[in-house]
Amino acid sequence: VKPMTPRCTVPKAVPVGKTASLHCHENEGYPKSTYSWYRNSEPLSPDTKSNAKFHNSSYTLNPATGTLVFHAVHKGDTGRYSCIATNDAGFAKCEEQEMEV
């Protein structure tokens, strides 16, 4: 079963250095969806250590739960965030939401 449009929760504004949690979830898809996050239409790597582009980012992305947590946000984390739920039957994307740091 193709995923439904996921419900995305993105904080509107977060002070520099604070923690920010972004959530993405849908429960129609079968098999269970995996989630990927995008900032300004660029995919966020689930593995920040192996990807030089995200080396300075301090976030944790859990593809199974759809949770994206920034441990200490900085100005560079400002942007438009969206999430895609994917399974074998297809994918669905939530609307982009702005997060300001």
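It should be emphasised that the depicted structure is a prediction, and the values quoted were computed from it without experimental measurement. (Residues numbered from 1 in each chain as written. Predicted model: local features only at pLDDT ≥ 70, side-chain atom pairs only at ≥ 80, totals over all residues. Heavy atoms only, no water.)

(A) Looking closely at the environment of Val 10. Relative to the helices and strands, Val 10 resides in the loop between β1 (7-9) and β2 (20-25). Considered as a pair, Val 10 and Glu 100 are 90 residues apart in the sequence and their alpha carbons are 10.0 Å apart. Leave out the neighbours within four places in its chain, and Val 10 touches Leu 22, Trp 37, Tyr 81, Gln 97, Glu 98 and Met 99. (Helix = DSSP H or I, 4+ residues; strand = E, 2+ residues; numbered from the N terminus. Contact = heavy atoms within 4.5 Å.)

(B) A look at the side chain of Gln 97. Here Gln 97 lies in strand β9 (residues 97-99). Separated by 3.0 Å, the side chain of Gln 97 and the backbone oxygen of Cys 8 make a polar contact. (Polar contact = N/O pair within 3.5 Å; in protein donor to acceptor, adjacent residues only side chain to side chain.)

(C) Focus on the sheet that holds strand β6 (residues 67-70). Spatially, four strands are ordered β1-β2-β6-β5 in an open sheet, and the strand pairing comes out antiparallel. The outermost strands of the open sheet, each flanked by one partner alone, are β1 and β5 (59-62). Strand after strand, the sheet turns through a mean of 5° between neighbouring axes, direction not considered. Both β1 and β2 contribute to a ladder of three bridges, which runs antiparallel. From the neighbouring strand, Arg 7 faces β2, where its bridge partner is His 25. (Pairing = 2+ DSSP bridges. Axes fitted to C-alpha atoms, helices over the stretch in contact; angles between N-to-C directions.)

Honestly, that's just the spatial picture; any functional story needs more than this.
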